[in-house]
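Reading the structure
Residue-level listing of the chains:
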Amino acid sequence: MNSLDAELDVDADADITLGVDVDSAFDAKAFLRTLTSKPGVYRMYNVAGDVIYVGKARNLKKRVASYFTRADQTAKTRAMVSLIAHIEVVVTNTENEALILENNLIKSLKPVYNILYRDDKSYPYIHLSGDGDFPRLSYYRGGRKEAGRFFGPYPSASSARESLNLLQKLFPVRQCEDNYYKNRTRPCLQYQIKRCTAPCVGLVKAADYQNDVRHAVMFLEGKNNVVIDELANKMEAAAEVLDFETAAKCRDQISALRTVQEHQYVTGENGDVDVIAAVSNDSFGCVQVFFIRGGNNLGNKTFFPKHVEDAGVPDMLAAFIAQYYLDRDSANAVPAEILTNAEPAERELLELTLAEQCGRKIQISDRLRGDRQRWVDLAMTNARTALDAHVAGKATLQRRFRALADVLEMTQVPKRIECFDISHTMGEATVASCVVFDVNGPLKSDYRRFNIEGITPGDDYAAMHQALERRFKRLKAGEGKTPDVLLIDGGRNQLAQAETVLTALNVTGVLAIGVAKGPERKAGLETLFLSGRELPFILPADSPALNLIQHVRDEAHRFAVYGHRQRRAKARQTSTLEAIPGLGPKRRQQLLRQFGGLQGVARAGVEDLSRIKGISKELAQRIYEVFHSG
């Protein structure tokens, strides 16, 4: 069993690995004579040792042989077979095991001839904490190990947060962090705008708060009608005793709930359903997923798989369902029924494998009528619209790449562009970003950030030099691919840092360009400094080449700023007091409370500090020196 199979935790008793020396020509007949007819997974390698395709089979011998014996292969399959230098197989006990292993290998290896989907390993949820009389509602992503209840999954972070925002208006259950909640001495702004009942300072009874929690849970479970009935009864009872304020509040809640119901309710669907539609043209494919939970439409998500040439809709659906749902962490995210616009390849195997993973029946349905078919039709319409826009965007991007090649007088269209940018605040928490684009758009898996250390704060040239040196040293060590074009956000001096690094590390074949912002940082007036060319030049504002440069540069800036803000926030959340020996969490909290925050502690003298219970003269002196040492 090789190391890759070991990492995937495959049953050792089921593994039989066969293969052919990569350095020799591939002899299909000799290989097939040794191949078993048991189920398993096969990996095809090229002469460079890269995995180009992963597949699974009920009968390994028949399936692998078909690549070399069938005369009706597609052009894509013929091209793939011509590259095979080596095949390895892993024999499994069942076809289900093979399907799961195939899915894991495709996700980890990303072979160029497999249909690939972006791997969403965690789903957004709404979490109701399970502690005390005043639990918290919050956005949650990750392994669901916390106490309490989880609602979802939601298709995106924005849809989960939109639901939280709506809940805050309907049922004022607190959403603040626990440490914030426990240290309040007066109501916050959320109470003032009537989005919280201020349980932190005892302005709401536990029973009333729990009633809001119960209604919020019912809303998240899709039981809007039950909530409306309860609120209507409460409104009538309040009106009878002339409590018109309570009655008006109930009336407003009912009105808001009915509005939500009109927008979200799915006629004819009361359970949890995912609606999946796949469409394709000659070169591109699109999968659209609508998430229905408790009868409510939680939104949709769009996927654009790679390597779909010659792949039909059944194959796209099968690949999507396997890669999207076959994940131990997402078992509870699989609904009881999945509606599709066509029958996925090997539907029964997918149903059986998902059922084993989830411990319950999973049904994949494509023969539909009425409202269910209308939802599939809607998903198909969305998928076609998204695919049309995607294809148009790809065509525009490829046109821009060709224009850039013309402007730079390159003999070939660049295949890879990298761009570096620096972000900091007055020299604090300096971060460099590296973003990567190819003719299909951003390659986010290749993005990198560099935390810059050991330079004079605010020295952008030194920061750029350090980032480039670290990047290209890794390249020389065999990590990553060499860019054809290297964009540097900055002028001549920034470009000089790139030239120095490339020369010192003997990196060739890279065209470096400095992109200096125009007057008043106005887009369209950028000055370009080309390595090896003495004079700078300016492209017309409507130049497709300049549009591409601006797009890549702006993405590098966004990525750098986001990384800098994260690093700065992390640094500022770490109190200076934490680095003082002998000052534990309780004493730190006591100091901050007594002096009203870190600034108050910094202004305090040794005598003031030593008056705090548990703070000795020696410890007070150490605290004082931290804030006044030069």
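Anyway, here's the lowdown on the structure attached to this text. What you see is a predicted model; the values in this text were computed from it and never measured. (Residues numbered from 1 in each chain as written. Predicted model: local features only at pLDDT ≥ 70, side-chain atom pairs only at ≥ 80, totals over all residues. Heavy atoms only, no water.)

**So, helix α21 (residues 617-628)**
Compared with the 16 Å implied by 1.5 Å per residue over 12 residues, the 16 Å span of α21 between its first and last C-alpha is a close match. Listed as buried for α21 are Leu619, Ala620 and Ile623. Down the axis of α21, the buried set is contained in an arc of 105 degrees. They therefore lie on one face. Check the buried side of α21 and you find it contacts α18 (585-595), α19 (598-603) and α20 (606-610). (Helix = DSSP H or I, 4+ residues; strand = E, 2+ residues; numbered from the N terminus. Expected span 1.5 Å × (residues − 1). Buried < 20%, exposed > 50% of the residue type's maximum accessible area, 1.4 Å probe, protein only. Arc of directions from axis to C-beta. Contact = heavy atoms within 4.5 Å.)

**Some points on the packing of aromatic side chains**
Overall, the coordinates contain 13 aromatic pairs when judged by the stated rule. Ring centres of tyrosine 42 and tyrosine 67 lie 5.8 Å apart, and the angle between their planes is 70 degrees; this geometry places the pair in the edge-to-face category. In this pair, tyrosine 42 sits in strand β1 (residues 40-45) while tyrosine 67 sits in helix α3 (residues 60-69), placing the two residues 25 residues apart along the sequence. Measuring from centroid to centroid gives 5.1 Å for phenylalanine 303 and phenylalanine 320, while their planes differ by 65 degrees, and the two rings are edge-to-face. Taken together, the positions of phenylalanine 303 in strand β9 (residues 296-303) and phenylalanine 320 in helix α12 (residues 313-325) put the pair 17 residues apart, joining distant regions of the chain. Relative accessible area serves as the criterion here: at 4%, phenylalanine 303 is assigned to the buried category. Looking at phenylalanine 320, the relative accessible area reads 1%, which means it is buried. Members of the aromatic cluster, joined through ring pairs, are Phe303, Phe320, Tyr324 and Tyr325. Just above the ring of tyrosine 181 sits the side chain of arginine 174; from NZ or CZ to the centre is 3.9 Å. Taking the ring centre of phenylalanine 472 as reference, the NZ or CZ of arginine 471 above it sits at 5.4 Å. (Phe/Tyr/Trp six-rings, centres within 6.5 Å; stacked < 30°, edge-to-face > 60°. Lys NZ or Arg CZ within 6 Å of the ring centre and 35° of its normal.)

**Examining the sheet that holds β1**
Read across the sheet, three strands follow the order β2-β1-β3 without closing on themselves; strand pairing throughout is antiparallel. Each edge of the sheet is formed by a strand with only one pairing partner; in this case those strands are β2 (51-57) and β3 (86-91). The mean inter-strand angle of the sheet, taken between neighbouring strand axes irrespective of direction, is 15 degrees. When β1 meets β3, the two strands line up antiparallel, connected through six bridges. Residue pairing across strands places arginine 43 opposite glutamate 88, the latter belonging to β3. In this fold helix α5 (residues 95-109) packs onto β1, β2 and β3, with an angle of close to 165 degrees to the strand it touches most, β2. (Pairing = 2+ DSSP bridges. Axes fitted to C-alpha atoms, helices over the stretch in contact; angles between N-to-C directions.)

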